[in-house]
Amino acid sequence: MNQKQTLAISPSILSADFAKLGEEVRAITAAGANMVHVDVMDGHFVPNLTIGPDVLKALKPHSDLPFDVHLMISPVDPYIDAFLAAGADYLTVHVEAGPHVHRSLQAIRDRGCKAGVTLNPGTPVESVLGVLDLCDLVLVMSVNPGFGGQSFINSQLEKIQRLRAAIDALGKPIRLEVDGGVKPDNAGDVWRAGADTIVAGSAVFAGGPSKYAANIQAIRDACRD
Ligand code: DX5
Ligand code: ZN
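A brief look at the structure comes next.

Rules used throughout
- Residues numbered from 1 in each chain as written.
- Chains lettered and ligands numbered in written order.
- Predicted model: local features only at pLDDT ≥ 70, side-chain atom pairs only at ≥ 80, totals over all residues.
- Heavy atoms only, no water.
- Near = heavy atom within 4 Å.
- Polar contact = N/O pair within 3.5 Å; in protein donor to acceptor, adjacent residues only side chain to side chain.
- Areas by Shrake-Rupley, 256 points an atom, 1.4 Å probe, with all protein chains shown as cover.
- 1 Å grid on protein atoms, 1.4 Å probe; cavity = no way out; pocket = protein on both sides within 12 Å on 5 of 7 lines; lining within 4 Å.
- Sits in = over half its atoms within 2 Å of the grid points.
- Helix = DSSP H or I, 4+ residues; strand = E, 2+ residues; numbered from the N terminus.
- Pairing = 2+ DSSP bridges.
- Axes fitted to C-alpha atoms, helices over the stretch in contact; angles between N-to-C directions.
- Core = buried A, V, L, I, M, F, W, Y, C linked by side-chain atoms within 4.5 Å.
- Buried < 20%, exposed > 50% of the residue type's maximum accessible area, 1.4 Å probe, protein only.
- Contact = heavy atoms within 4.5 Å.
- Phe/Tyr/Trp six-rings, centres within 6.5 Å; stacked < 30°, edge-to-face > 60°.
- Lys NZ or Arg CZ within 6 Å of the ring centre and 35° of its normal.

## Notes on the site of ligand 1
And step 1. Taken together, 20 residues lie near ligand 1, and Asp39, Gly146, Asp179, Gly201 and Ser202 sit nearest.
And step 2. Ser12 places a side-chain nitrogen or oxygen 3.1 Å from an oxygen atom of ligand 1.
And step 3. Taking Asp39, its side chain carries an N or O atom lying 2.7 Å from an oxygen atom of ligand 1.
And step 4. Considered on its own, ligand 1 offers 380 Å² of accessible surface; in the complex 100% of this is hidden by protein.
And step 5. With respect to the pocket detection grid, ligand 1 is positioned in the largest cavity.
And step 6. Secondary structure elements with two or more residues in the shell around ligand 1: strand S2 (36-41), strand S3 (67-72) and strand S8 (197-200).
And step 7. Ranked by residues supplied to the shell around ligand 1, first place goes to S2 with 3 residues.

## Here's the deal with the sheet that holds strand S6 (residues 137-141)
And step 1. Taken together, the 8 strands give an open sheet; going across it, the order is S1-S8-S7-S6-S5-S4-S3-S2, and neighbouring strands pair in parallel fashion. Of all strands in the sheet, those with a lone pairing partner are strand S1 (8-11) and S2, marking the two edges. Put simply, the sheet's adjacent strands are angled 25° from each other on average, direction ignored.

## Description of the nonpolar core
And step 1. By size, the foremost hydrophobic cluster in this structure holds 69 residues, and its most contacted members are Ile13, Val69 and Leu91.
And step 2. Those residues in contact with Ile13 that lie beyond four places of it in its chain are Phe18, Leu21, Val25, Ile28, Val36, His37, Val38, Ile51, Leu59 and Phe205.

## Focus on the packing of aromatic side chains
And step 1. Applying the stated criterion across every chain yields a total of 1 aromatic pair.
And step 2. Arranged with centres 5.0 Å apart and planes meeting at 75°, the rings of Phe205 and Tyr212 form a pair that is edge-to-face. Each member of the pair, Phe205 as well as Tyr212, is classed as buried.
And step 3. The positively charged end of Lys4 is found above the aromatic ring belonging to Trp191, 3.6 Å away from the centroid.

Function cannot be read off these values alone, since they describe shape.
Here is the structure:
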């Protein structure tokens, strides 16, 4: 049964102006975003450092949209409670971040949050199949995580198709999200491959706040069957 959800655009604030993050979150909310994507990096699992739970907590009052928090950290378990307390609505962990992804997802769900699992471009689909039933979201990384503004890796389209089939076979309303290098010119391919949730950083924040609504709409318009 087709479990594809309504299209959701989740702008990554990694490409926002970090000196004005609250304002930026308000601006993308007003511009028609459906979620707020927060990239958390630890300088260990990925070669960059970004946002911690205190920043998430400070941003939360700036939008009623769900906060879609992508943890690129290892170990992850010691920080789950802090991100949930800070207001994460979806909390997504990398399958490569440790040996106990099942336990991490259970911990997130037990605390009443939506749980997500994600896999790097070099990680096979099979690595997440055993935990799909614990997930509310599966995130396909279409760049190697760590930085915004990279090019989409086309081989990930097949992974999206295979995960769409796996989710439909399971018959649960799990969001299938794609993150990295998505722009209006490839968002249609991503959508038609079976994704329903699109992260975009540089494509949304390009040109400053006066362009956000048009940038989001251009991605939305590209997502046609
Ligand atoms: C990469 C991050 C992405 C990134 C997306 O590690 O997880 O969310 O910010 O940015 P763009 O859309 O510019 O590739
Ligand atoms: Zn991300």
